[in-house]
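Residue strings, one per chain:
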Amino acid sequence: SGGGTNFEASFLKCEELFVRQDVEDRDDAEEAGPAEEGEEALAPERRKAVIFLSDGIPTAHGVPRDLADSNITQSAADREATIAAAEELGAATAAELYCYTIVTEDTDDTRFTTLPHCVAVSGGGRHVTVESAAQLDAEMCGESLVEVIEVTVENFTLGTGPVPARLKPGGYFAELVPVATGTGGALRENEILVTATAFRESLSPPPATSESIVLKVVSRARSRNLGFGDVVDAQKAPAPVADMSYLESPMGSRIRDSDLYDFLVGAAAAEFEDAWQLFGLETFTTYDPEGTGAESFEIAVDMAFSEACYKSDIGYIVVDPDDLPASGAEALTDESYQAKVVFHSGDFNQETCDLGSIAAGDARFLVEVPPGEVIVFFLLPNRRLDEYRSLPHRGNQPLFTLSALNPGGFAQTLAFVSDGGRTSPGPALDVVTPGPQLIVAFEDVEIASRKSDQDFSDIVLAVSSGVAPLYPGLLCGN
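Residues numbered from 1 in each chain as written. Predicted model: local features only at pLDDT ≥ 70, side-chain atom pairs only at ≥ 80, totals over all residues. Heavy atoms only, no water.

Q: Just give me the short version of the pattern of salt bridges, but keep the residues and values in it.
A: Overall, the coordinates contain 9 salt bridges when judged by the stated rule. In this structure, the salt-bridge partner of D22 is K48, at a minimum N-O distance of 3.5 Å. In this pair, D22 is assigned in helix α1 (residues 7–32) and K48 in the loop between α1 and β1 (49–54), connecting sequence segments 26 residues apart. Accessibility expressed as a relative area gives 23% for D22, which makes it partly exposed. Two residues, R383 and E387, come together in a salt bridge whose shortest N-O distance is 2.7 Å. Among the residues examined, E387 registers a relative accessible area of 32% and is labelled partly exposed. Overlapping salt bridges, with partners in common, bring together K13, E16 and R20 in one network. (Salt bridge = Lys/Arg side-chain N within 4 Å of Asp/Glu carboxyl O. Helix = DSSP H or I, 4+ residues; strand = E, 2+ residues; numbered from the N terminus. Buried < 20%, exposed > 50% of the residue type's maximum accessible area, 1.4 Å probe, protein only.)

Q: Kindly report on the packing of helix α2 (residues 76–93) against helix α3 (residues 114–122), identifying the contributing residues and their values.
A: Direction vectors running N to C along α2 and α3 enclose 30 degrees, while the axes themselves pass 8 Å from each other. Considering their axes alone, α2 and α3 lie roughly parallel with respect to each other. The two elements α2 and α3 meet at a crossing, and its hand is right-handed. Along the contact surface, α2 presents R79, T82, I83, A86, E87 and G90, while α3 presents T114, H117, C118, V121 and S122. For the contact of α2 with α3, the per-class residue count stands at 4 nonpolar, 5 polar and 2 charged. (Axes fitted to C-alpha atoms, helices over the stretch in contact; angles between N-to-C directions. Parallel < 35°, antiparallel > 145°, perpendicular 65-115°, else oblique. Left-handed = near helix turned anticlockwise from the far one by under 90°. Contact = heavy atoms within 4.5 Å. Nonpolar A, V, L, I, M, F, W, Y, C, P; charged D, E, K, R; others polar.)

Q: With reference to specific residues and values, describe the environment of T209.
A: Relative to the helices and strands, T209 is located in strand β9 (residues 208–217). T209 gets classed as partly exposed once you look at its relative accessible area, which sits at 31%. As a C-alpha pair, T209 and A198 span 11 residues in sequence and 5.7 Å in three-dimensional space.

Q: Lay out the nonpolar core with the relevant residues and their values.
A: Among the nonpolar cores identified, the biggest contains 29 residues, and F284, I299, V301, Y316, F377, I459 and L461 are the most heavily contacted of them. Broken down by secondary-structure element, the contributors of at least two residues to this core are β13 (297–306), β14 (313–319), β15 (340–344), β17 (364–369), β18 (374–380), β20 (413–418), β23 (437–442) and β24 (459–463). A per-element tally of this core places β13 first, with 4 residues. Excluding its chain neighbours within four sequence positions, the residues that come into contact with F377 are F284, G315, Y316, L399, F400, T401, F442, L461 and V463. (Core = buried A, V, L, I, M, F, W, Y, C linked by side-chain atoms within 4.5 Å.)

Q: Outline unusual backbone geometry, listing residues and values.
A: In this structure, P436 follows G435 across a cis peptide bond, with omega equal to 0 degrees. Take P436: it is sitting in the loop between β22 (431–434) and β23. At Q338, a residue that is not glycine, the phi angle is positive and equals roughly 50 degrees. With respect to the secondary-structure elements, Q338 resides in the loop between α7 (328–333) and β15.

Q: Quick rundown of the environment of G395? Include the residues and the values.
A: If you trace the backbone, G395 turns up in the loop between α8 (385–390) and β19 (399–400). Here G395 falls in the exposed class, since its relative accessible area comes to 61%.

Q: With reference to specific residues and values, describe the sheet that holds β1.
A: Taken in spatial order, the 3 strands make up an open sheet running β1-β2-β3, and their pairing is parallel. Two strands close off the open sheet at either side, each with one partner strand: β1 and β3 (125–130). The mean angle between the axes of side-by-side strands here comes to 10 degrees, regardless of whether they run parallel or antiparallel. Sheet topology note: the strand β2 (residues 96–102)/β3 ladder contains 6 bridges and is parallel. Its bridge partner lying in β3, I102 is registered against V130. Those strands touched by α3 are β1, β2 and β3, and its axis lies near 175 degrees from that of β2. (Pairing = 2+ DSSP bridges.)

Q: Which residues make up α1, and what values go with them?
A: For α1, which comprises 26 residues, the first-to-last C-alpha distance of 38 Å matches the rise-based estimate of 38 Å (1.5 Å per residue) to within 8%. Taken together, the buried positions of α1 are occupied by F7, F11, E15, F18, D25 and A29. Where α1 is buried, its residues touch β1, α2, β2 and α3. (Expected span 1.5 Å × (residues − 1).)

Encoded structure:
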């Protein structure tokens, strides 16, 4: 009642309630006794979730507000106490944290990053920035807060029978799916049945209900002729950027800075007018676009756009999708991942952070790669790889297209593809670098920090044909 918002107290109160519920469950189980003679009396395993709505800034860390002070601001103590309470909540209860930051029209600073950090340390959940009641309704209704107990995947076309999918927290699941091919090994249409079974309500024992959907999986190359080979896509459909009024960050919030959007498709600044957004893209595979059977070939990597003050090393690592690095530090220091720097952004001697578009070919680097490698791009903010390897724990940490290697597990990139290729700025549509072009846009400040503006226009790469999106089988959420 004294003003301000005490996030710490909210998280600790949730912890208290969950712990009390666990005690009650154990007492009830002991009183009811085991279901079968000789068995142990077990309390139900409840999945726990906290749904937290706020303006995103903790401003009263258990300290009464000075009513004479009209400037309610977040202190370091507010932030530290909030993050510590979120970490304690997760450790004590395994609860997932779903945070919704409501940004009003008169909010000047939208870089609310305390809640994303809370989600990261609590061990699971999601953070979304909400700008309207309609968006809040859509985001909350789309959340999977039910007890999913089984998901099976069956390829009707192959007739292989149902296979159990690997379940993940939050209702997500993943499973590799064998597919049928046609003449010459080309992928043909496959019908995939996905059946999810979940508890209908919290009863003991709870009844279960199942829902099924049929997916028709074809290669993106066949359906859109991107020239990327037979890339199987059963994820969220790609979307033409020109049909969007703005871009969204990987966390679902609107990117208010329009520079990346304008560079892709926007009016006089457009240079990739036919760009499509690829969702959830984190790894890539190399292939010989000419099909010559050579042991290696060249790909071109262009720095196409930059608004970064940082002078950073940009490169890639080679990974095994079934045996990924345990951390970003391992990815860049373990020689088995073959970390290779393609270029250093500081070599362009930009005099301003607002460098913007870089003329096609002015920052182009040719890289020799063998076909069939799975690669992950990285950016080392304001550092060089040799210096990082000698002092890995000092200074900025590396950022990757593979979000699992990033601080807090947050996605630091957006990905797009252009069939036609890069054009000169404006409406002329004269192609200066033919497609297909893969476009990777980096945010070079950790999303898990307070400093990131999340505009995803710090370093934008355009990669020539020879590198294709790699989707690790069927991956779906909610």
